[in-house]
Each structure stands twice: as C-alpha cells, then as structure tokens.
Amino acid sequence: MVEKVQLIARRAGEIIRNGFGKNFSIEFKTNASNLVTEIDKKSEETIKQFIKKEFPGHAIIAEESGEDLTGSDYTWIIDPLDGTTNFAHGLPLFSVSIGVVKNNETVCGVIYDVMQDNMYTSEKGSGAFCNGKELRVSENDNLAESLLVTGFPYDIADNPHKTLEKFNAFVLNSRAIRRLGSAAIDFCYVAAGVFDGFWEVHLHPWDLCAGMLLVEEAGGVVTNFQNERITPFAKQILATNGKVHERMLEILQQNS
Ligand code: IPD
Ligand code: CA
Ligand code: CA
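All of the points below concern the structure found in this document.

The next subject is the site of ligand 1. Lining the immediate environment of ligand 1, one finds 16 residues, of which Asp 82, Gly 83, Thr 84, Tyr 154 and Glu 200 sit closest. Interatomic distance of 2.9 Å between a backbone N/O atom of Thr 84 and an oxygen atom of ligand 1. Contact distances for ligand 1 include 3.3 Å between an oxygen atom and a side-chain N or O atom of Arg 179. About the coverage of ligand 1: the protein hides 96% of its 380 Å² of free accessible area. Looking at side-chain class alone, the shell around ligand 1 contains five nonpolar, five polar and six charged residues. Counting residues domain by domain, the shell around ligand 1 receives three or more from each of domain 1 (2-134) and domain 2 (143-254).

The next subject is the coordination of the calcium ion (ligand 3). Around the calcium ion (ligand 3), the protein contributes the donor atoms Glu 63 (OE), Asp 79 (OD) and Leu 81 (O), which lie 2.2 to 2.4 Å from the metal centre. Written as a sequence motif, the donor arrangement for the calcium ion (ligand 3) is E-x15-D-x1-L. Glu 63 sits in the partly exposed class, given a relative accessible area of 21%. By relative accessible area, Asp 79 is classed as buried at 1%.

Analysis parameters
Residues numbered from 1 in each chain as written. Chains lettered and ligands numbered in written order. Predicted model: local features only at pLDDT ≥ 70, side-chain atom pairs only at ≥ 80, totals over all residues. Heavy atoms only, no water. Near = heavy atom within 4 Å. Polar contact = N/O pair within 3.5 Å; in protein donor to acceptor, adjacent residues only side chain to side chain. Areas by Shrake-Rupley, 256 points an atom, 1.4 Å probe, with all protein chains shown as cover. Nonpolar A, V, L, I, M, F, W, Y, C, P; charged D, E, K, R; others polar. Domains from an automatic or database assignment. Donors = N, O, S within 2.8 Å, 3.2 Å for Na, K, Ca; no water. Buried < 20%, exposed > 50% of the residue type's maximum accessible area, 1.4 Å probe, protein only.

These figures capture arrangement, not role.
Right, here's the structure in full:
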C-alpha cells in the first residue's frame, strides 16, 4: 500500500509545485489567518479520485471536502497541502500528508516535502524512511541542548490555550525553537533526529495521522500533555525523541 500512497502524494506534490509562485485564488476559512487556495482543492481532488479508483469503498477524511465514511475498515486521512500560509506567501516549505488507518490503527503514513523532493514513508512495524533511507530520532536527553519546534493555532486570538506561556517557557529552557508552518514536516524532522521535540495544540487529524506514525516508527514517543497515548483526533500533541519527553511534559503541565 505504501507504494501507492507515495505515488499519489508525489502526483499531488507536482500539482502544488506547478502552482507555486503563480496566480491562484485564495479564500478565507474561519478568519483572515486561515487560508485555502485553489491548489489545496486541486491537490485534494486528485488524491480522492485516485483512492476512489484504486481502493473503491475505502473511507476518506480530507481537510477541504470533509468526510466520506463508507463503513470500510480503512480510512484515508488527508492533508492535501500542509503549510498553506507558506505556500500562499511564496515560502517554499509545505507538504502533502496522507495517513491510512485500519480499524483505528494507523498502518501507513506518507509525507511529501514538495520543494525539497523528500518522500517520508512509514508502515506500522517496518520503520520510517526518507527517500528510502532509514530514520532515527535524536539521542539527546538534555532539554537545554534541544532544538524544538511548534506551531500556533489559527484561532489563537480567541482561544489562546496558554500557547504563548508554553512557548516562553520552552524558549528559556531549550537551545532554540523553530516555527516552520507545516506540522507534517515538523514530525518528519523529529523522526529524522533534527528536532528533539515538537508540541502543538488544536491540530487536526490530517495534520497528525501520518506524522505520528513516522515519529513512532523512528523510535520516538507521541502523547498528549498528560503522557497518554493518543489517536490522530487528539487536541494536544507532544512528539519527541523519548529522551526529553518527561522534561517537556513537566513544562507543558506547569504552563497549562
Ligand atoms: C497548518 C500547519 C501549521 C500548524 C497549523 C495547521 P494547514 O496546516 O500545519 O504548521 O501550525 O495549526 O493548521 O492549514 O497549512 O494545512
Ligand atoms: Ca495542515
Ligand atoms: Ca492543509
């Protein structure tokens, strides 16, 4: 299955790459920070058509067009363009993220970093890879020497969720923090050992599904802020190399 998921992620990536820097229509979703472009929609439509042809009957949860729940054991969870704000502003950092869930367990996750042409793949129990090369999380166990990453929810002005308090605490307790603008790529870089930890609130299943599997298959740990195992429908996410997990939980709990 992972071969087919890669194929369609690459095809969607080509649509996005061809649209990058050109004229495309942009609409607002919930507010002026939350955008969707015609390229997001084209990418999603292409992925959905592929699934319907190759895996007829499989259920689909897709960011822009919603749910098509068929009762199948398999559900595809799709972010057709993760990093829309970057894309819309001409910043070449965005991805296609596709996870496949079988009976409530993610069995396959693929994230395609479009402009770097990096294909991240994972299958349950078989490891995590970037362009075929196996990934491992970092070995660092000292938060003071950690490079962390996070993101901010689009509704931060209305629902701050103590997001800035958490950010401030981590700035003071880590080596540095980055904010890339594509949650899926944040997970890839935890899996690859670039980032030691990634936290965020109010993500959606299409932001989480593939990335969670990738981090776990690379030897990392993914929980909520109470250290409980989570599904892609969780509203809090902490994904780390495992070694800085406890210290990050402490800081998250002290600032909740
Ligand atoms: C967003 C990105 C971003 C995260 C936001 C997401 P989108 O997804 O993943 O990094 O901070 O919370 O909504 O809207 O570009 O698909
Ligand atoms: Ca997203
Ligand atoms: Ca998206």
